[in-house]
Amino acid sequence: MESATIRFSGDSGDGMQLTGTQFTNTSANFGNDISTFPDFPAEIRAPAGTVPGVSGFQINFSTHDIHTPGDRPNVLVAMNPAALKANVADLEDGGLLLINSDAFTKVNLKKAEYEVNPLEDGSLDRFRLIPMALTELTHRAVEPTGISKKEADRCKNFFALGIMYYLFDRNLELSLTWIDKKFGKVPDIKEANRLALLAGYNFADTTEIFADAYQVPAANLKKGNYRSLTGNQAVAMGFITASKLAGRPLFYGSYPITPASDVLHELARHRHFGVQTFQAEDEIAAVCAAIGAAYGGHLALTGTSGPGICLKAEAINLAVMTELPLVILNVQRAGPSTGMPTKTEQSDLLQAMYGRNGSSPCVVLAPATPGECFTFAIEAFRLATKYMVPVFLLSDGYIANGAEPWRIPNEADLPKFEITYAESQENFQPYSRNNHLARPWAVPGTPGLEHRIGGLEKAHLSGNVSYDPGNHQLMTDYRAMKVRNIREDIPGLEIYGDPEAETLLVGWGGTYGALFTAVQNQNKQGKKVAGAHFRYINPFPANTAEVLARYKRIVVAELNEGQLDFLLKAQFNIQTHTLFKVQGKPFMVREIIDFLNAL
Amino acid sequence: MESATIRFSGDSGDGMQLTGTQFTNTSANFGNDISTFPDFPAEIRAPAGTVPGVSGFQINFSTHDIHTPGDRPNVLVAMNPAALKANVADLEDGGLLLINSDAFTKVNLKKAEYEVNPLEDGSLDRFRLIPMALTELTHRAVEPTGISKKEADRCKNFFALGIMYYLFDRNLELSLTWIDKKFGKVPDIKEANRLALLAGYNFADTTEIFADAYQVPAANLKKGNYRSLTGNQAVAMGFITASKLAGRPLFYGSYPITPASDVLHELARHRHFGVQTFQAEDEIAAVCAAIGAAYGGHLALTGTSGPGICLKAEAINLAVMTELPLVILNVQRAGPSTGMPTKTEQSDLLQAMYGRNGSSPCVVLAPATPGECFTFAIEAFRLATKYMVPVFLLSDGYIANGAEPWRIPNEADLPKFEITYAESQENFQPYSRNNHLARPWAVPGTPGLEHRIGGLEKAHLSGNVSYDPGNHQLMTDYRAMKVRNIREDIPGLEIYGDPEAETLLVGWGGTYGALFTAVQNQNKQGKKVAGAHFRYINPFPANTAEVLARYKRIVVAELNEGQLDFLLKAQFNIQTHTLFKVQGKPFMVREIIDFLNAL
Amino acid sequence: MAEATLTKKDFQSDQIVRWCPGCGDYAILAAIQSVMPNLGVPKEKIVFVSGIGCSSRFPYYMNTYGFHTIHGRAPAIATGLKLSNPDLQVFVVTGDGDGLSIGGNHLLHVLRRNIDVKILLFNNKVYGLTKGQYSPTSDLGFKTKSSPMGSLDQPINPIRIALASEASFVARTYDANIKHMTETFEKAAAHKGSAFIEILQNCVIFNKDVFNDIYERDVRSDHMVHLEEGEPLVFGAESDKGVFLDGFSLKTGSLEAPPAGQLLTHQPNQESPIYANLLAAMEYPQLPLPVGVFRKVPRPGYEAGVQGQIAQARTKQPDDSLQTLFHSGDTWEVK
Amino acid sequence: MAEATLTKKDFQSDQIVRWCPGCGDYAILAAIQSVMPNLGVPKEKIVFVSGIGCSSRFPYYMNTYGFHTIHGRAPAIATGLKLSNPDLQVFVVTGDGDGLSIGGNHLLHVLRRNIDVKILLFNNKVYGLTKGQYSPTSDLGFKTKSSPMGSLDQPINPIRIALASEASFVARTYDANIKHMTETFEKAAAHKGSAFIEILQNCVIFNKDVFNDIYERDVRSDHMVHLEEGEPLVFGAESDKGVFLDGFSLKTGSLEAPPAGQLLTHQPNQESPIYANLLAAMEYPQLPLPVGVFRKVPRPGYEAGVQGQIAQARTKQPDDSLQTLFHSGDTWEVK
Ligand SMILES: Cc1ncc(C[n+]2csc(CCOP(=O)(O)OP(=O)(O)O)c2C)c(N)n1
Ligand SMILES: Cc1ncc(C[n+]2csc(CCOP(=O)(O)OP(=O)(O)O)c2C)c(N)n1
Ligand code: SF4
Ligand code: SF4
Ligand SMILES: [Mg+2]
Ligand SMILES: [Mg+2]
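Residues numbered from 1 in each chain as written. Chains lettered and ligands numbered in written order. Predicted model: local features only at pLDDT ≥ 70, side-chain atom pairs only at ≥ 80, totals over all residues. Heavy atoms only, no water.

Looking at the overall build of chain C
Consideration 1: Broken down by element type, chain C carries 11 helices and 13 strands.
Consideration 2: Once the C-alpha set of chain C is aligned to its principal axes, its extents read approximately 95 × 50 × 45 Å.
Consideration 3: By residue count, 64% of the 335 residues in chain C fall in the buried class.
Consideration 4: Counted over contacts in chain C with a minimum sequence separation of 6, partners at least 24 positions apart contribute 63%. (Helix = DSSP H or I, 4+ residues; strand = E, 2+ residues; numbered from the N terminus. Buried < 20%, exposed > 50% of the residue type's maximum accessible area, 1.4 Å probe, protein only. Contact = heavy atoms within 4.5 Å.)

In structure tokens:
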């Protein structure tokens, strides 16, 4: 087998995220390329056993390069009827369906709103159905530890994991070590989980429920040390790295919100890097505190998700006017309004571009993969501090929670960027500009640079309040030019896929994996398709017009109603074919291929 | 003379706004067409005598139709050196410059940062300079009343007004009546102002400082009753009218902000129309209270200026999701951030379109003149309640404070619109839709319609919370279609100017007067130019694509960095020539003509 | 009268309740549902407005009108609703995060205006919905994912905030006592004007049993004092202890051998805020925690004020025709 | 030491002051400028952060660092600044609208966190900058352009809000008394932690002389009581009257023939908020208005807490190299 996709699904309380992560780490360690997609229930804990309470974790692991967690699982593990109901439609025909038959009780069937037991009505016939008394088997396995029934119940995810390890011929070592570490302080629980894992593996081995174990050999990844990383972890690590590279402390002002909260949690654990996390009373205070810290000379970051950006808009404009370096992280989720907080979407792009009063240019970046969340976190601060400008970093729920193997960089290979504060001087001009139009970063505490800034229009050079018409035009132009000129400081738009293509598939941010895979797939089938993916959106790369002009047909695919499409049309006077999806879900590769084929 | 432009300028304390308004009313009453432009100092009262403290009021009055307050005054009244300094550059060559020479003291010259007295250094030679001892003359005129020197000082604006009345052969009656009414309770002040006005008039008459009085005959205006109206007054009156027409009370939730506060003041005076004004603790509470009132079945309005819209964004999205009728008035001012609060700009258009997370369509309207502020206030509520959707009404500082004669409509000629609330019924479906896709307006208190709404994605029909991917797509599409379909319910884009034009001058909102005048002017010179002005921006009128396609050359002119231009390019795949101005000032007709000539 | 026959069941919606098993919210929901039939208000005149949080899912479970709004803004939305429809009975449901963190300012202003809405603040001293960060009522040193080394934020006391906001009705109750909740809610509903009720609520997932030291059955009588109008502040299993004011400080002592100072008698109707502030300063474990109505004073209602101004304006200017409106300035005729 | 030689003039910026002639803000500016040289802090370490309002133009006139931010948000911006640079001396300038209307929540939270910033709230009971609408401290019935029939909003008392926000330093002073302002500002600057100072300020344009009944020279001694630590609450031109606590109510009486109750002695250091709340309840004309320091208690500073956690974390995990960070999870090698 070249690659396989497993989805673990169960009740929120069944530990499916944990099971998925264990399988991910083991496979990654084994040398597969991987990509994962956790699918959480909506934030309220739904009643156990119901469809809204189902938690899922999908992993795609492969012997070659992969870029998506897979469209449809080859194997589905369903711990209860609700999990089956919520996920079975995605399982490929002929796929392996592993079910905890103990959970298919009358009560549970009713909770999942099944009228008849699907295990009995033939509705699952097109799958390789394997019902197993997982609860029962786990209970028996952990009996020697004498733990309670309830505690025993909670071990059944490890039993299921053991089965999967057998099926894909994986080594148990990593998970056993993890169990040791995690439950070291509660020996009987540790032992129970150990026993469950081993029992699952052995049970699969001895009962011959599977014809054979599959082999998904190690991928041919670039040499190096790897770890698995979600976008949220990566972005946090990137910000800390930026702080180390710049030699300035990181300040994170935030207010909890799904799916951005984990960045706060992650950064809060890193006080020993000098990181300050400030959990503010709301998003307004969070961004304002960050602006205060930027004024104070820190690497200032604020992070949230869409609705929080609404609240930060007025203050972001203050940073635009005062030309302070500020990075704004938006882990996008499905909107408008509260929308679907746990679901992914790319619909906050135009908000980042235009969601403020007045002419208010900010830099807009969008990492394409979990790994790029790391590099773009650094890039965001490089640009913010070099150009004294707010920078939006648009991540999304999909890459924020999805994981992929990340090749650990050498410190020496990391980009450098230098920060200089204004130094004591006579006749300091807070709104003078250097050759790339940045004003000086003058940090309070520096003797001789005492000056006043604020949200009223500033006079060129002196920074005094000015209502002069010509000055307002000049400053408006400066603010715009400063951002526009960043074109010269960023890489050009790259093309992947068939060099002779006539069709260009264009996307941005977190959809990269699916688009890339679709192009690969098309090329394999001899279709003349290439792809270009935007990570830099404001400004667009310098060669954008030229690249777009090369193709007969431009297809724009995004998870919104056409926001990048809109920007491209307005700026480059092009016509496009468009594939828009607003369903709170990432693209399936199939959807893109079908669309391209139907053109 | 066909038309004339006078600018009164003086210190904030000199009563220039009052003087201007008097001249306006008298001229309007006389039968001229008029257009005015008050130019307030920035909001803090600057020290008397300085340039930032100068207050100006320009009026253009004419014997034919006019649409702008005039580019450059023919007559400038400057009450002190600062007023001269701030305004003299605008006076036309050969223009009449009336100056209060008493104010040109050393101290005042210094406050205005004049090194030498401009009355003496020949720098005003290109004007018809008329220095007068206005202070002195006024003091003498009011002596009989025995009022204090300070009080006497405050009468000199009426002295100046008297001079202007003589110069343009105006009747004093209206102003004398006004003085009677206004100062009725303080007889000596009343008498003093009367004396000052008469003395100014008589002084001009007897001293023969002017060769002759000018005649600007009455214009040929449509028959009817007229009054003069600023955009802020008009919009307030329009909202009250909407409330009367709909038979539902008006609720205005607002928080004071320049230049929108006067709408709050104006509406607060109309409690007897059942109007509720709620001065909230901030803009967020203001829009939220309005949403509560919309939910409660009122005509709900919230109003502010740009920075306030930032704060309202999250709540506007709640109205989008809950599909409640809400009108949002934005009296635009120069941005970004606090910007220049007293100055005009059109730079919040894209914010209205895209300034929220997610895909969040709202209707966007922009009245073109002070008078249209009235009709579009009604139109905003007609659309909001018919389609159950938030509607932005984009006014700006220029039309909000500028006045023009307004032909008082007959009640019978006003548009009708009907509002229906959902009635008690079984199995009520709060997210069912009528044939124009509006959901029912179900007001709490109605038996049998108990239901729950909120900001989470709603299930089609039932309105329950839904995370279903297909439902999210469906509802996203409905929200967009609902707004898009309004195309069918609004007038098409009209063309003015040369019917055989090859060039189309396009604008939106408050720049109409200048653009229209420029086209008229070009046509007079035989230039083949036409104009089209957008009042409906989202959706654009149904015939927009077709109209734009008719012209070889499209020129977009707006007071921002190109926001309408951007929308047109993205939606209609056109190329444009652009004239953008971001100076906190309206267009001068000359600028547009020059631009067109240079094409 | 139709409403006279309503029962608790009539107030249960068809939505499955989705709080965690064991969450204190269930008991609060049950108490509210059981109080509803007693209000004498028809179902369709009752509206629950909430913000965002676990607690704020509340309206979905009530078979009344309901509006699950945005984070922290429920008081403002309720204000507009109540001003537009003064005869509705409006409840606001909020949490310690929703109401005191992002929404603190709206809470303050709705209370000072004395808008006639009943505000139920579910205080579980944590952000439940976003999975367990510390809140403005969390204890100093509270360790959460966002405060792994302990919270540094001095907690605020919701009752003190409500009193400083000039609230006319201020009470505290707790999820472990349905009867006490029921009585408190009924008193709040009967009050004309804003009513603020803090409800101690157990978040079994992220701040499990944080109030158990105070309100568990076996300690309750010693660690709480139930406020009863006109009654002395007496507590203890044997009702043998009292709360005494000595100078500016409060202390407890036995009734049999009373300490120096004056035994407090509960006077929620005092116009001056001094007495209520005194009670609000009582915090466990230094003193028993007071529950019940801290303050209940008559104050003019805002809605009535608005309606009064409209009526008065109409008396003064009875003509509200459009023609009069249009002609209300200087006008002239062109012939 | 360079800073020792600073004078008031060094703190005057080159900007023309643009308040209305007669505005109370001038006196406050003069008082602040005269206090600056005495702080022992070099000019470059002083920052004035303000919101929006007439009062908030303040930073332009100070020759220190200054940040004129956006409406209501100065406390939050000051928080970030102070956390990033704990050795700055940060002042926040705000108004009754900026600080208590739109910015009420940030004020509350900066105070409870005890961030070491000095907050000067210019209370003129009106929105000056937007030309005269009523504010959260305006009197009931106040007629303005936005309340032509009189305001219906119950005013709040800034001191009570600050106390409920757990502020560690709370004071009131007034623009008519430079000496009192100067002393109060100096005390605030010396306090470690948040300091909140309400300054009664005369807006001569929109709320002219609103405090004259209280603080004009000839009535001042009868209508105000100056709080002095350890001294009895005595007032009157002859210092012959006192403030007495009788049960839960305060009253005034002659010292010679004292009424029932206890003459209050000023104790701003009381840990319990009861005493300070008592003073905060004193409002003119029922009682003389207290000015001076209401409360001043030691509390741990937030910045120190953060720095402490960083230091502790570094002791525990001294290795802050990037390689260690990158390798901090499960890793594997591909060869
Ligand atoms: C603007 C905005 N910011 C943040 C959030 C995320 N959020 C939802 S609920 C909540 C806190 C809830 O805490 P609390 O009010 O105490 O309610 P509980 O869940 O504890 O009942 C937060 C931060 C949001 N929904 N909207
Ligand atoms: C977001 C926003 N809303 C409203 C305003 C308008 N505004 C400026 S200052 C102010 C009130 C100022 O009152 P206060 O704080 O009492 O200051 P004062 O002018 O009385 O000193 C308002 C409403 C604004 N600048 N920004
Ligand atoms: S997380 Fe806590 S508050 Fe939320 S439902 Fe669960 S137990 Fe209740
Ligand atoms: S309006 Fe009032 S507060 Fe503002 S500067 Fe003038 S007097 Fe001072
Ligand atoms: Mg909570
Ligand atoms: Mg004020």
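Structure shown, so let's carry the discussion forward.
Concerning the site of ligand 3
Consideration 1: If you check the shell around ligand 3, you find Trp19(C), Cys20(C), Cys23(C), Cys54(C), Asn124(C), Gln201(C), Cys203(C), Val204(C), Ile205(C) and Phe206(C) and nothing else.
Consideration 2: By residue class, the composition of the shell around ligand 3 is 8 nonpolar, 2 polar and no charged. (Near = heavy atom within 4 Å. Nonpolar A, V, L, I, M, F, W, Y, C, P; charged D, E, K, R; others polar.)

A few points about the relation of the copies chain D and chain C
Relating the two copies of this chain is a rotation about some axis coupled with a shift parallel to it.
Consideration 1: At an RMSD of 0.0 Å, chain D and chain C line up after a rotation of 180° and a shift of 0.0 Å along the axis. What we have between these two chains is a two-fold relation. Across chain D, the smallest distance between a C-alpha and the rotation axis is recorded for Asn105(D), namely 2.4 Å.
Consideration 2: The overlap is high: 100% of the interface residues of chain D also sit at the interface in chain C, so the same surface is used on both sides. (Least-squares fit on C-alpha atoms with pLDDT ≥ 70 in both.)

Remarks on the confidence of the model for chain C
Consideration 1: Taken over all residues, the pLDDT of chain C has a mean of 95, while the share at 70 or more is 99%.
Consideration 2: This complex was scored by the predictor with a pTM of 0.96 and an ipTM of 0.96. (pLDDT = per-residue confidence, 0-100.)

Considerations on the coordination of the magnesium ion (ligand 6)
Consideration 1: Distances from the magnesium ion (ligand 6) to its protein donors, namely Asp96(D) (OD), Asn124(D) (OD1) and Val126(D) (O), fall within the range 2.1 Å.
Consideration 2: Look at where the donors of the magnesium ion (ligand 6) fall in the sequence and you get D-x27-N-x1-V. (Donors = N, O, S within 2.8 Å, 3.2 Å for Na, K, Ca; no water.)

Some thoughts on the interface of chain D and chain C
Consideration 1: Contacts between the two partners involve 43 residues from chain D, matched on the other side by 43 residues from chain C.
Consideration 2: Overall, the association of chain D and chain C removes approximately 4,000 Å² of surface from exposure, summing both partners, and the carbon and sulfur fraction of that is 62%.
Consideration 3: Among the salt bridges present, the one from Arg113(C) reaches Asp153(D), with a minimum N-O distance of 2.8 Å.
Consideration 4: Where chain D packs against chain C, one counts 17 residue pairs in polar contact (both at pLDDT 80 or more).
Consideration 5: At the level of elements, helix H3 (96–102), helix H4 (104–113), helix H5 (158–164), helix H9 (274–280) and helix H10 (302–316) of chain D are the ones that each hand at least two residues to the side of chain D that touches chain C.
Consideration 6: Residues of the side of chain D that touches chain C, tallied by class, amount to 22 nonpolar, 15 polar and 6 charged. (Buried area = accessible area lost by both parts, 1.4 Å probe. Salt bridge = Lys/Arg side-chain N within 4 Å of Asp/Glu carboxyl O. Polar contact = N/O pair within 3.5 Å; in protein donor to acceptor, adjacent residues only side chain to side chain.)

Some points on the sheet that holds strand E10 (residues 299–304) of chain A
The strands making up a sheet are joined through hydrogen bonds of the backbone, oriented either antiparallel or parallel.
Residues and elements named next belong to chain A.
Consideration 1: Strand order in the open sheet formed by 7 strands is E9-E8-E10-E11-E13-E12-E19, with mixed pairing between adjacent strands. In the strand order of this sheet, the two ends are held by strand E9 (276–279) and strand E19 (536–538), each with one partner. Direction aside, the axes of adjacent strands within the sheet are offset by 20° on average.
Consideration 2: Here 4 bridges tie E10 to strand E11 (residues 326–332), and the two strands are oriented parallel to one another. From the neighbouring strand, Thr304 faces E11, where its bridge partner is Asn330.
Consideration 3: With respect to the sheet, helix H12 (residues 306–322) is in contact with E10, E11 and strand E13 (390–396), its orientation differing from that of E11 by roughly 165°. (Pairing = 2+ DSSP bridges. Axes fitted to C-alpha atoms, helices over the stretch in contact; angles between N-to-C directions.)

What to know about the interface of chain D and chain A
Consideration 1: Contacts between the two partners involve 57 residues from chain D, matched on the other side by 69 residues from chain A.
Consideration 2: With both sides pooled, the region where chain D packs onto chain A buries about 5,400 Å², and carbon together with sulfur makes up 60% of that total.
Consideration 3: When the area that chain D buries against chain A is broken down by residue, the three leading residues are Tyr65(D), Phe326(D) and Trp332(D), summing to 17%.
Consideration 4: At the boundary of chain D with chain A, the tally comes to 2 salt bridges.
Consideration 5: Between Glu281(A) and Arg113(D) there is a salt bridge, and its shortest N-O distance comes to 2.9 Å.
Consideration 6: In this structure, the connection of chain D to chain A is made through 26 residue pairs in polar contact (both at pLDDT 80 or more).
Consideration 7: The set of elements that each furnish at least two residues to the side of chain D that touches chain A consists of strand E2 (65–68), helix H2 (74–84), H4, H10, helix H11 (322–326) and strand E13 (331–334) of chain D.
Consideration 8: Looking at the side of chain D that touches chain A, its residues break down into 21 nonpolar, 24 polar and 12 charged.
Consideration 9: Bridging between strand E15 (residues 452–454) of chain A and E2(D) involves 3 bridges; their strand directions are parallel. Among the inter-strand pairings, Arg452(A) is bridged to a residue of E2(D), identified as Gly66(D).

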